[in-house]
Amino acid sequence: VEKPCGRCAWETRAMVEELRARDVEFYPAYVSRAHERTQVLRKLLGADGVCGERVTSIRYTQRGSALARGLDGPLDAVPWRLQAEQSGGGLIMDMGCHVLDRVDYLFGPLENVRGFASREGASTSGSSYPMVEDHVSISATIGECDWSVVPSAGTSVECVW
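If you're wondering where the values come from, they're calculated on a predicted model, not measured in any experiment. (Residues numbered from 1 in each chain as written. Predicted model: local features only at pLDDT ≥ 70, side-chain atom pairs only at ≥ 80, totals over all residues. Heavy atoms only, no water.)

Quick notes on unusual backbone geometry
Phase 1 of the analysis: Its identity is not glycine, yet Asp 23 carries a phi of approximately 60°, on the positive side.
Phase 2 of the analysis: Summarising the element assignment, Asp 23 is placed in the loop between α1 (9–21) and α2 (36–46). (Helix = DSSP H or I, 4+ residues; strand = E, 2+ residues; numbered from the N terminus.)

Re the side chain of Arg 42
Phase 1 of the analysis: Take Arg 42: it is sitting in helix α2.
Phase 2 of the analysis: Of the side chains bearing the opposite charge, Asp 104 lies closest to the buried Arg 42, which forms no salt bridge; the N-O distance is 8.5 Å.
Phase 3 of the analysis: A distance of 2.8 Å separates a polar atom in the side chain of Arg 42 from the backbone oxygen of Tyr 105.
Phase 4 of the analysis: What Arg 42 contacts, discounting residues up to four positions off in sequence, is Tyr 105, Leu 106, Trp 147 and Val 149. (Buried < 20%, exposed > 50% of the residue type's maximum accessible area, 1.4 Å probe, protein only. Lys, Arg positive; Asp, Glu negative; His and termini not counted. Salt bridge = Lys/Arg side-chain N within 4 Å of Asp/Glu carboxyl O. Polar contact = N/O pair within 3.5 Å; in protein donor to acceptor, adjacent residues only side chain to side chain. Contact = heavy atoms within 4.5 Å.)

Side note on the packing of aromatic side chains
Phase 1 of the analysis: According to the stated counting rule, one finds one aromatic pair in the structure shown.
Phase 2 of the analysis: With a centroid separation of 5.7 Å and an interplanar angle of 45°, the aromatic rings of Tyr 60 and Trp 161 are classed as tilted. Here Tyr 60, found in strand β1 (residues 57–61), pairs with Trp 161, found in the segment after β4 (156–160); they are 101 residues apart in sequence, far enough to count as distant.
Phase 3 of the analysis: Overall, the relative accessible area of 1% leaves Trp 161 in the buried class.
Phase 4 of the analysis: The ring of Tyr 105 has Arg 42 sitting right over it, with the charged end atom 4.6 Å from the ring centre. (Phe/Tyr/Trp six-rings, centres within 6.5 Å; stacked < 30°, edge-to-face > 60°. Lys NZ or Arg CZ within 6 Å of the ring centre and 35° of its normal.)

Thoughts on the environment of Glu 158
Phase 1 of the analysis: Mapped onto the elements, Glu 158 comes out in strand β4.
Phase 2 of the analysis: Given the relative accessible area of 33%, Glu 158 is considered partly exposed.
Phase 3 of the analysis: Taking the C-alpha atoms as reference, Glu 158 lies 4.9 Å from Arg 59; in sequence the two are 99 residues apart.
Phase 4 of the analysis: The residues touching Glu 158, leaving out its near neighbours within four places in the chain, are Ile 58, Arg 59, Tyr 60, Ile 138 and Ser 139.

Considerations on the environment of Glu 133
Phase 1 of the analysis: Inspection of the secondary structure puts Glu 133 in the loop between β2 (110–118) and β3 (135–142).
Phase 2 of the analysis: A C-alpha to C-alpha distance of 5.1 Å links Glu 133 and Ser 118, two positions 15 residues apart in sequence.

Structural notes on the pairing of β3
Phase 1 of the analysis: With seven bridges joining them, β2 and β3 adopt antiparallel strand pairing. By the bridge assignment, Ala 117 is partnered in β3 with Val 136.
Phase 2 of the analysis: Relative to β4, β3 is paired through five bridges, and the arrangement is antiparallel. Among the inter-strand pairings, Ile 138 is bridged to a residue of β4, identified as Cys 159. (Pairing = 2+ DSSP bridges.)

Everything listed here is a matter of geometry and, on its own, says nothing about what the molecule does.
What follows is the structure in structure tokens.
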């Protein structure tokens, strides 16, 4: 299933229930786990002391537009992922979920998650700025797990898109 599985919890639960009723296994397509850069980082983190003995904080900040902010022009020029009718969630659902999945894959599950999302871009005359969230921030801590290659439990996580 293409990520995210739904635009909201209700859509995701409905999909899960329908697929379970049909006895169909499914998984979200978080292919970034398999990217070479992710695998190289995992290997470096697991090497004896190369990156230190434990992770104490994780910070991700998206710099610049990443083609997601400051779009002007006709509606058909706005990518589908930034059209509420099609994507429904803006940055966190399109790009942010990959960052969060990598954090989970490399360090462990996110716990005590707090977040804020807003649409700060404003439509002006002749503009078709996306009607989805264009600024998102999340804070969390890493929980206990058995798949992290470096001790990370209790690590603080801060992400901004």
